[in-house]
Amino acid sequence: MSHPTKITHVHAREVLDSRGKPTVEVEVHCGPHAVGRAIVPSGASTGQFEAHELRDGDPTRFDGQGVLKAVQSVSAVLGPECVGLDAVDQVALDRRLLELDGSPHKSRLGANAILGISLANAQAAAVARRVDLVVHLLDLWQQTALPAEFRTPGRMGMSDASLAPLGQELLLPLPMVNMISGGLHAGRNLDLQDFLILPVGAGSYREALGWIVSIYRRLGEALTSAGCEGVLVGDEGGYGPRLTSNEMALSFLTLAIEQAGLRPGIDVALGLDVASTHFFDAGRYLLRSGGDVEFDSAGMVDLLDDWSRRYPLISVEDGCAEDDWDGWNLLTNRLGGRLQLIGDDLFVTNPERLKRGVERGCANSVLIKLNQIGSLTETLVTLRMALSVGYWPVVSARSGETEDSFIAVLAVATGAGQIKIGSVARSERLAKYNQLLRLEEKLGSRAGYAGGKIFRTLRGHS
């Protein structure tokens, strides 16, 4: 009799993501009936230290963006080597995939090929075990140990008591939602990439989502009433208006919260994804919206400090560039007690980069993107490390997303506490928001919701 969780077949194909750009879809089969499927996302705003996304480079197909090479990596190399492995042993499978590639950034066979198998395998294992994916991922999360090389002496962030219940139980996440897009997500209409809201005062995920939709609609009305040009949506569903300055976006968001009948900073706080690496050059931050200005690292920190005192900001992502370690240290020393400071390009979901940041006292939060590191096991290790050093983890989508809702389940299973999906206007985003609604309903009292209470250690928030 065949073992029901042994991998019998792996298949890959080229499909399209939310931008009409090719990406990899993988199916992993266990036995005659259990099949898991996963689609790999891709980013527009990518850090230089991310795992390598293998593209064809053939200009006659999809402007060189095809992924048939990655599909071939699965079909000819990785997939056959997975046959016979036990899908339940995710660590062993991911280790084998990394060994087969053998390169530092998964550039030989492609992180998109490796991640596709890794995620599809987890799906297949859940089906073969006849358990929900959230249960299977919870089991994997509880088995995830932090390797000795990533254990840091002392704690840079919060205490275990302050972190609770993050990482300790099933949690519906607090949504961090893109409302206005700029940077590479909306044709550089604004310098900053995302202007976001966090419904910190909502008592449940469902209530938080309702507030988000209301604010999104009020924002669209306010932008239209003000005669803003280009009130269309960017890659992640946020509005992409042509405003005269970056700060104007903060003003419009605050107004929309009020017009939705909610209290800025109490019910709903603001967040920024500065994505500052993309306007950093030769040690200077070059801001073009609202008149050309340049800042050194101290000036950039001064700007963010000023905004945080005049607007209900609670979270800032990539406030300094990915290699501006001194700027990050200054930013953290100045604002780390009042704001969540997220490293995205800085850390790229890589435990080695995160360890360096912890040792240098940079940031207090890490964005968790599966395709930045390229396997499920490595993602779980980075998330485990973030919690071990007292950093808030934020599970995140990419600008090039798909209908795959894996990250929604991952956020709940690991108890990460926050999720950043995008706005509420595109189906690849709503696939995740809707999956969270299903999980909230299905899990009931088995899953908690901490919401904005996770920020109780920040000065001015309780």
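Residues numbered from 1 in each chain as written. Predicted model: local features only at pLDDT ≥ 70, side-chain atom pairs only at ≥ 80, totals over all residues. Heavy atoms only, no water.

On to the sheet that holds strand 1 (residues 7-16). Hydrogen bonding along the main chain pairs the strands of a sheet, whether they run parallel or antiparallel. Taken in spatial order, the three strands line up as 1-2-3 in an open sheet, and their pairing is antiparallel. The open sheet has two edge strands, strand 1 and strand 3 (34-39), and neither has a second partner. The sheet shows a mean angle of 15° between the axes of neighbouring strands, direction not considered. Bridge count for strand 1 against strand 2 (residues 22-30) is nine bridges, and the pairing is antiparallel. By the bridge assignment, E14 is partnered in strand 2 with V24. Contacts from helix 1 (residues 68-82) reach strand 1 and strand 2 within the one sheet, and its direction differs from that of strand 1 by about 175°. (Pairing = 2+ DSSP bridges. Helix = DSSP H or I, 4+ residues; strand = E, 2+ residues; numbered from the N terminus. Axes fitted to C-alpha atoms, helices over the stretch in contact; angles between N-to-C directions. Contact = heavy atoms within 4.5 Å.)

This paragraph deals with the pattern of salt bridges. In total, this model carries 32 salt bridges according to the counting rule given. Of the charged contacts in the structure, one is a salt bridge between D56 and R61, with a shortest N-O distance of 3.6 Å. Residue D292 is joined to R288 by a salt bridge in which the shortest nitrogen-to-oxygen separation is 3.7 Å. The exposure class assigned to D292 is exposed, which follows from its relative accessible area of 59%. The class for R288 is partly exposed, based on a relative accessible area of 42%. Put simply, D302, D305, R309, R334 and R338 are held in one network by salt bridges that share partners. (Salt bridge = Lys/Arg side-chain N within 4 Å of Asp/Glu carboxyl O. Buried < 20%, exposed > 50% of the residue type's maximum accessible area, 1.4 Å probe, protein only.)

Another point: the environment of L98. Mapped onto the fold, L98 is located in helix 2 (residues 90-101). Sequence separation between L98 and W141 is 43 residues; the distance between their C-alpha atoms is 20 Å. When sequence neighbours within four positions are dropped, the list of residues in contact with L98 reads K106, I114 and E378.

This brings us to unusual backbone geometry. The phi angle of most residues is negative, glycine excepted, and most peptide bonds adopt the trans form. Backbone geometry places F62, a non-glycine residue, at a positive phi of 50°. Among the secondary structure elements, F62 is positioned in the loop between strand 3 and helix 1. Within the chain, D63 stands out as a residue other than glycine whose phi angle is a positive 55°. One can find D63 in the loop between strand 3 and helix 1.

Turning our attention to the nonpolar core. In terms of nonpolar packing, the biggest core is built from 151 residues, with I117, L137, I197 and L376 touching the most fellow members. A per-element tally of this core places helix 3 (residues 111-129) first, with 11 residues. When residues no more than four places from it in sequence are discounted, the contact partners of L137 are A122, L376, F406, V409, L410 and A413. (Core = buried A, V, L, I, M, F, W, Y, C linked by side-chain atoms within 4.5 Å.)

Strand order in this open sheet of three strands is 9-10-11, and the pairing throughout is antiparallel. The open sheet terminates on both sides in strands that have one partner only, identified here as strand 9 (280-281) and strand 11 (293-295). Pairing of strand 9 with strand 10 (residues 284-287), which is carried by two bridges, proceeds in the antiparallel orientation. What sits directly across from F280, in strand 10, is Y285. The strands that helix 8 (residues 297-310) touches are strand 10 and strand 11; relative to strand 11, the one it contacts most, it runs at about 110°.

This brings us to the packing of helix 8 against helix 9 (residues 325-335). When two helices pack together, their arrangement is given by the angle between their axes and by how far apart the axes lie. Where helix 8 contacts helix 9, the axes come no closer than 9 Å and their chain directions differ by 30°. What the angle tells us is that helix 8 and helix 9 run roughly parallel. Two packed elements cross with a definite hand, and for helix 8 against helix 9 that hand is right-handed. Residues S297, A298, V301, D302, L304, D305 and S308 of helix 8 touch helix 9, and the partners they reach there are G327, L330, L331, R334 and L335. A per-class count over the contact of helix 8 with helix 9 returns six nonpolar, three polar and three charged. (Parallel < 35°, antiparallel > 145°, perpendicular 65-115°, else oblique. Left-handed = near helix turned anticlockwise from the far one by under 90°. Nonpolar A, V, L, I, M, F, W, Y, C, P; charged D, E, K, R; others polar.)

What follows covers helix 13 (residues 406-414). With nine of nine residues buried, helix 13 lies mostly within the body of the structure. Within helix 13, burial applies to F406, I407, A408, V409, L410, A411, V412, A413 and T414. Residue G415 follows helix 13 closely and has a positive phi angle near 65°.

Look at helix 4 (residues 133-143) against helix 13: their axes get within 8 Å of each other, and the N-to-C directions meet at 50°. When the interaxial angle is binned, helix 4 and helix 13 end up oblique. Judged by the sense of rotation from one axis to the other, the crossing of helix 4 with helix 13 is right-handed. Contact with helix 4, carried on its side by L133, V134, L137, L138 and W141, involves F406, V409, L410, V412, A413 and T414 of helix 13 and no other residues of that element. In terms of residue class, the contact of helix 4 with helix 13 is built from 10 nonpolar, one polar and no charged.

Here we come to the packing of aromatic side chains. Scanning the model with the defined rule gives five aromatic pairs in all. Aromatic side chains F279 and Y285 sit 6.2 Å apart centroid to centroid with 70° between the ring planes, which places their arrangement in the edge-to-face category. For the pair shown, F279 and Y285 are each scored as buried. Each ring, one from F347 and one from Y391, has its centre 6.4 Å from the other, and the planes form 55°; the classification is tilted. Of the two residues, F347 is situated in the loop between strand 13 (340-343) and helix 10 (351-359) and Y391 in the loop between helix 12 (376-388) and strand 15 (392-396); the sequence distance between them amounts to 44 residues. Across this residue pair, the class does not change: F347 and Y391 are buried. Site record: aromatic cluster; members linked through ring pairs are F279, F280 and Y285. Here the basic side chain of R353 rests over the ring of F49, its NZ or CZ set 3.9 Å away from the ring centre. (Phe/Tyr/Trp six-rings, centres within 6.5 Å; stacked < 30°, edge-to-face > 60°. Lys NZ or Arg CZ within 6 Å of the ring centre and 35° of its normal.)

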